[in-house]
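Chain and residue survey
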Amino acid sequence: MNALKKFLGIIWMVTGPLAMAFLIVQAIQKVGLTHTDIERTNTILQWAIILFIFFPISIGLVIFGFYAVKGEYDKLPSSSEEI
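Residues numbered from 1 in each chain as written. Predicted model: local features only at pLDDT ≥ 70, side-chain atom pairs only at ≥ 80, totals over all residues. Heavy atoms only, no water.

1. With respect to the packing of aromatic side chains
Selection rule: Working definition: rings of Phe, Tyr and Trp (its six-membered ring) pair if their centres are within 6.5 Å, and the pair is stacked with planes under 30 degrees apart, edge-to-face with planes over 60 apart, and tilted otherwise. Under the scheme applied here, a residue whose accessible area is under 20% of the maximum for its type counts as buried, over 50% as exposed, and between as partly exposed, the area being computed with a 1.4 Å probe on protein chains only.
Scanning the model with the defined rule gives three aromatic pairs in all. For the ring pair Phe64 and Tyr73, a centre distance of 5.2 Å and an interplane angle of 45° mean the geometry is tilted. Accessibility expressed as a relative area gives 33% for Tyr73, which makes it partly exposed. Aromatic pair Phe66 and Tyr67: ring centres 5.7 Å apart, planes at 55°, arrangement tilted. The exposure class of Tyr67 is partly exposed, given its relative accessible area of 35%. A network of ring pairs unites the aromatic residues Trp12, Phe64 and Tyr73 as a single cluster.

Okay, here's the thing in structure tokens:
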């Protein structure tokens, strides 16, 4: 079970940057498909907001995976009285 948690932690650590890279590639492609300046401005604004929202989420995935690999989630309390 411990090896599975470490493996899943590595998966989470890889998923964060891969998702961010995918979003950046998509943003570049979508901006490149625009025809007029106003379309380009609107598309850049939309993708800037999307990237701004998902960048901290991808960092959180990396942190979550790091703690999973470290084994921090093996020591969770079973009740609130243990805190």
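Still more ground to cover, so stick around.
2. Re the UniProt feature "transmembrane region" (unreviewed entry) in the chain
Note the threshold: UniProt positions are given in the numbering used here, feature names are shortened, and annotations may be inferred rather than shown by experiment. Secondary structure elements follow DSSP: runs of H or I no shorter than four residues count as helices, runs of E no shorter than two count as strands, and numbering proceeds from the N terminus.
If you check UniProt for "transmembrane region" (unreviewed entry), the listed places come out as residues 7-28 and 48-69 in our numbering. A distance of 32 Å separates the end C-alpha atoms of residues 48-69, which is 100% helix and 0% strand.

3. Some points on the environment of Met13
Formally: Contacts between residues were defined by any pair of non-hydrogen atoms, one from each residue, lying within 4.5 Å.
Examined against the element boundaries, Met13 turns out to sit in helix α1 (residues 2-32). The exposure class assigned to Met13 is partly exposed, which follows from its relative accessible area of 29%. The sequence separation of Met13 and Val62 amounts to 49 residues, and the corresponding C-alpha distance is 4.2 Å. Contacts of Met13, omitting those with residues within four sequence positions, involve Leu61, Val62, Gly65, Phe66 and Val69.

4. Comments concerning helix α2 (residues 37-70)
In an α-helix, one full turn covers 3.6 residues, which means residues spaced three or four apart are oriented alike. Defined as follows: Multiply 1.5 Å by the residue count of a helix minus one, and that product is the helix's expected span. To get the bend at any residue, fit one axis to the seven residues that end at it and another to the seven that begin at it, then take the angle between the two axes.
Given a rise of 1.5 Å per residue, 34 residues ought to cover 50 Å, and the 49 Å separating the end C-alpha atoms of α2 matches this to within 8%. Where α2 bends most, at Phe54, the angle is about 25°, and the proline Pro56 comes one to four residues later. Buried residues of α2: Thr43, Trp47, Ser58, Gly65 and Ala68, and no others. A positive backbone phi angle near 90° is found at Gly71, which sits one or two residues after α2.

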